[in-house]
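Chain by chain, the residues run as shown.
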Amino acid sequence: RALSSAAHDIKTPLVAIGGFTRLVQNHLDPANPDRGKLEIVVRETRRLENMVKDMLDFSKPLQIHAVPEDINSIVLESLLIVESCAKEKGVEVEIERIPASDVSPLAHSTPVSVTFDPMRMKQAIENLLMNAIQASPEGAVVTVRTHCGRRGLVIEVIDRGPGLPKEKREEVFSPFYTTKKEGTGLGLPIVRKIVDAHG
C-alpha cells in the first residue's frame, strides 16, 4: 500500500515535468544547444516513469483475465517491442524452432491457442527479453522458444550473459534486488508474480 501510494504521488509531477519539457524543447530553435540538455531531461523522465510503472504493477493485486489466445503472436509482438533496445545493444533476438521429434513443439508459422492473460503474458515476456538483452554482451544472440511440456506451456528466454552464482539465483526474484546500474529490481519479481498467478 505504501509503495502504491508513493508511486501514485510521484507519477503526477513526472507527467508534468515530461510534458512541459517537451513543450519547451519544441519551441527552441533546432540549433539551440539547450535542446540536447532538454532531451536528457525527457529521457530521464521517461526512465523514472517506467520505474513508477514497475512499482505500481508490483504493488497492485494481480487480476488475471485468461482467454484463449495464440501464444506465438504474443511472442512476436514482444519481440517487436524490444527490437530497438536489442539493436542499440548490438544483440540479435531469434525464435528457435524445436524439431518435430522434441516435446510437442509449437510451430511459429501456425496459431497455437492457449488460455492465458495476453496483456500480462506479454508484459512477462517483454521483461524477460529486456533482462536477457541487458545481460548479453554485444554480438550475442538471445533465443526465445515455446513448446508444450508435460506440465503445460513452456516459454524459454535464453541469453549468453555471465549468469548468476547459485546463491544469488533466488535473490533476483526479491523486490528491489538488482545487479544492474539502472532499473528498479522489479522486472523479474513482476514476471514471477504473473507466472504464479497463471498457476
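Please refer to the structure placed before this passage.
Residues numbered from 1 in each chain as written. Predicted model: local features only at pLDDT ≥ 70, side-chain atom pairs only at ≥ 80, totals over all residues. Heavy atoms only, no water.

(A) Geometry of the packing of helix α4 (residues 118-135) against helix α5 (residues 187-197). At their nearest, the axes of α4 and α5 sit 9 Å apart, and the two run at 145° to each other. The hand of the α4/α5 crossing is left-handed. Contact residues: Arg120, Met121, Gln123, Ala124, Asn127, Leu128 and Asn131 in α4; Gly187, Leu188, Ile190, Val191 and Ile194 in α5. Among the residues making up the contact of α4 with α5, the classes are represented as seven nonpolar, four polar and one charged. (Axes fitted to C-alpha atoms, helices over the stretch in contact; angles between N-to-C directions. Helix = DSSP H or I, 4+ residues; strand = E, 2+ residues; numbered from the N terminus. Left-handed = near helix turned anticlockwise from the far one by under 90°. Contact = heavy atoms within 4.5 Å. Nonpolar A, V, L, I, M, F, W, Y, C, P; charged D, E, K, R; others polar.)

(B) Examining the side chain of threonine 21 more closely. Relative to the elements of secondary structure, threonine 21 occurs in helix α1 (residues 2-27). From its side chain, threonine 21 meets the backbone oxygen of isoleucine 17 in a polar contact 2.5 Å long. Discounting chain neighbours no more than four positions away, the residues touching threonine 21 are Leu38, Val41 and Val42. (Polar contact = N/O pair within 3.5 Å; in protein donor to acceptor, adjacent residues only side chain to side chain.)

(C) Up close: the pattern of salt bridges. Applying the stated criterion across every chain yields a total of three salt bridges. A salt bridge links lysine 37 to aspartate 34, with the shortest nitrogen-to-oxygen separation between them at 3.4 Å. Placement of both lysine 37 and aspartate 34 in helix α2 (residues 34-59) is noted, with a separation of three residues, approximately one turn of the helix. When the shortest N-O distance is used, the salt bridge between glutamate 156 and arginine 145 registers 2.7 Å. Of this pair, glutamate 156 sits in strand β5 (residues 152-158) while arginine 145 sits in strand β4 (residues 141-149), and the two are eleven residues apart along the sequence. (Salt bridge = Lys/Arg side-chain N within 4 Å of Asp/Glu carboxyl O.)

(D) The arrangement of α4 in detail. Between its first and last C-alpha atoms α4 spans 26 Å; for 18 residues at 1.5 Å apiece the expected length is 26 Å, and the two agree. For α4, every residue scored as buried is listed here: Pro118, Arg120, Met121, Gln123, Ala124, Ile125, Glu126, Leu129, Ala132 and Ile133. In this structure aspartate 117 caps α4, since a side-chain oxygen of it lies 3.1 Å from the backbone nitrogen of methionine 119. (Expected span 1.5 Å × (residues − 1). Buried < 20%, exposed > 50% of the residue type's maximum accessible area, 1.4 Å probe, protein only.)

(E) Region of interest: the nonpolar core. By size, the foremost hydrophobic cluster in this structure holds 15 residues, and its most contacted members are Phe116, Met121, Ile125, Leu129, Ile133, Val142 and Val144. At the level of secondary structure, the elements contributing two or more residues to this core comprise α3 (71-89), α4 and β4. With six residues, the single largest contributor to this core is α3. Excluding its chain neighbours within four sequence positions, the residues that come into contact with methionine 121 are Ile71, Ile74, Phe116, Ile155, Ile194 and His198. Within the second largest apolar cluster, eleven residues are counted, among which are Met55, Leu56, Leu62 and Ile194. (Core = buried A, V, L, I, M, F, W, Y, C linked by side-chain atoms within 4.5 Å.)

(F) Spotlight on the side chain of aspartate 117. Tracing the backbone through its elements, the reader meets aspartate 117 in the loop between β3 (113-116) and α4. Arginine 120 provides the closest opposite charge to the buried, unpaired aspartate 117, separated from it by 5.0 Å. A distance of 2.8 Å separates a polar atom in the side chain of aspartate 117 from the backbone nitrogen of histidine 65. If sequence neighbours within four positions are ignored, aspartate 117 has contacts with Gln63, Ile64, His65, Ala66 and His198. (Lys, Arg positive; Asp, Glu negative; His and termini not counted.)

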